[in-house]
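Spelled out, the chains give:
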Amino acid sequence: MEQTYTEDQTLIQRIKDGDETSLVKIYKEYRPAFQQWAQHSYRIDEEQSADAFQDAVVCLYRNIVQGKLELLTSSLKTYLFAIGKNVVRKKLQQPVTLESSELGLVENLYTDPVDQFATNDRQQLVARLMETIGEPCKSILELFYFRGFSMEAIATRLQYKNENVVKTQKLRCLTSLKNMVRERYQNEDFV
């Protein structure tokens with residue numbers, strides 16, 4: 001079912017207001033058509049098209065919450081597919097490399113707000129550790145990596161004195177999470 005311009009703008013406003021169910025609606029509605037189009041147009045497999053779509057949705061989400069997308073000049077579907085086209089082209093030009101550091105793993109984990117099932121053992125481990133890291137670390141890391149908030153926005157939202165305090169706290173949180181991941185890898189032989 002195609003969305004009208006007014007419905008598209010409403011969805012964008014709801015996402016901006018924190019309603020993630022609207023993002024899930026967009027994801028579910030456009031994923032099959034995007035995957036079919038990408039597989040046919042670029043001769044990629046189902047997994048590659050799914051990854052590209054997820055990356056496109058993440059980019060759409062970030063553009064909305066960071067205020068880069070205020071007013072549509074096309075349909076939301078057209079906008080999303082244009083992002084997806086650029087994602088596919090970029091992926092086809094670059095070889096796939098794995099992050100070697102746990103810090104890279106943490107950053108990559110929060111690039112996909114829609115997919116709730118981590119497919120990688122390390123991502124599952126980090127997701128479990130994020131649940132145990134406690135506050136304020138959990139909130140800071142989720143707001144920064146998952147929701148794309150700036151340091152200034154996090155400081156305001158979590159009532160910190162300024163963005164420098166948030167930067168310092170984020171560094172401490174990442175170090176703590178990194179150590180937890182290393183410890184767990186060593187204890188459970190995940191490497």
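Residues numbered from 1 in each chain as written. Predicted model: local features only at pLDDT ≥ 70, side-chain atom pairs only at ≥ 80, totals over all residues. Heavy atoms only, no water.

Time to look at the overall build of the chain. The secondary structure content of the chain amounts to nine helices and zero strands. Buried positions account for 38% of the 191 residues belonging to the chain. Within the chain, residue pairs in contact and separated by at least 24 positions form 63% of the contacts whose partners lie at least 6 positions apart. Surface summary for the chain: the accessible area is close to 11500 Å², and the carbon and sulfur share equals 48%. (Helix = DSSP H or I, 4+ residues; strand = E, 2+ residues; numbered from the N terminus. Buried < 20%, exposed > 50% of the residue type's maximum accessible area, 1.4 Å probe, protein only. Contact = heavy atoms within 4.5 Å. Areas by Shrake-Rupley, 256 points an atom, 1.4 Å probe, with all protein chains shown as cover.)

This paragraph deals with the nonpolar core. Counting 26 residues, the largest nonpolar core has Ile26, Phe34, Phe53, Leu60, Leu76, Leu80 and Val88 as its most contacted members. If you list the elements that add at least two residues to this core, you get helix H1 (5-16), helix H2 (20-42), helix H3 (46-65) and helix H4 (76-93). Other than its neighbours up to four places away in sequence, Val88 contacts Phe34, Ala38, Tyr42, Ile44 and Ala52. Counting residues in hydrophobic clusters, the runner-up holds eleven residues, among them Val126, Leu129, Ile133 and Leu177. (Core = buried A, V, L, I, M, F, W, Y, C linked by side-chain atoms within 4.5 Å.)

To continue, consider the packing of H2 against H3. Put simply, H2 and H3 touch, their axes get as near as 9 Å, and they point 140° apart. Judged by the inter-axis angle, H2 sits oblique to H3. Between H2 and H3 the crossing geometry is right-handed. On H3, the residues touching Glu20, Leu23, Ile26, Tyr27, Tyr30, Arg31, Phe34, Gln35, Ala38 and Gln39 of H2 are Glu46, Ser49, Ala50, Ala52, Phe53, Gln54, Val57, Leu60 and Tyr61. Considering only residue class, the contact of H2 with H3 consists of twelve nonpolar, four polar and three charged. (Axes fitted to C-alpha atoms, helices over the stretch in contact; angles between N-to-C directions. Parallel < 35°, antiparallel > 145°, perpendicular 65-115°, else oblique. Left-handed = near helix turned anticlockwise from the far one by under 90°. Nonpolar A, V, L, I, M, F, W, Y, C, P; charged D, E, K, R; others polar.)

Contact geometry for H3 and H4: axes closest at 8 Å, N-to-C directions at 125°. Comparing their axes, H4 and H3 come out oblique. Handedness of the crossing formed by H3 with H4: right-handed. On H4, the residues touching Asp51, Ala52, Phe53, Asp55, Ala56, Val57, Cys59, Leu60 and Asn63 of H3 are Leu76, Tyr79, Leu80, Ile83, Gly84, Val87, Val88 and Lys91. Among the residues making up the contact of H3 with H4, the classes are represented as twelve nonpolar, two polar and three charged.

With that out of the way, let us pick up H2. Tyr30 marks the point of greatest bend in H2, at about 45°, and the proline Pro32 comes within the next four residues. Within the sequence span of H2, burial applies to Ser22, Leu23, Ile26, Tyr27, Tyr30, Phe34, Gln35, Ala38 and Tyr42. Turning to H2, the residues buried within the fold contact H1, H3 and H4. At the exit of H2 stands Arg43, carrying a positive phi of roughly 55°. (Bend = angle between axes of the 7 residues up to and from the residue.)

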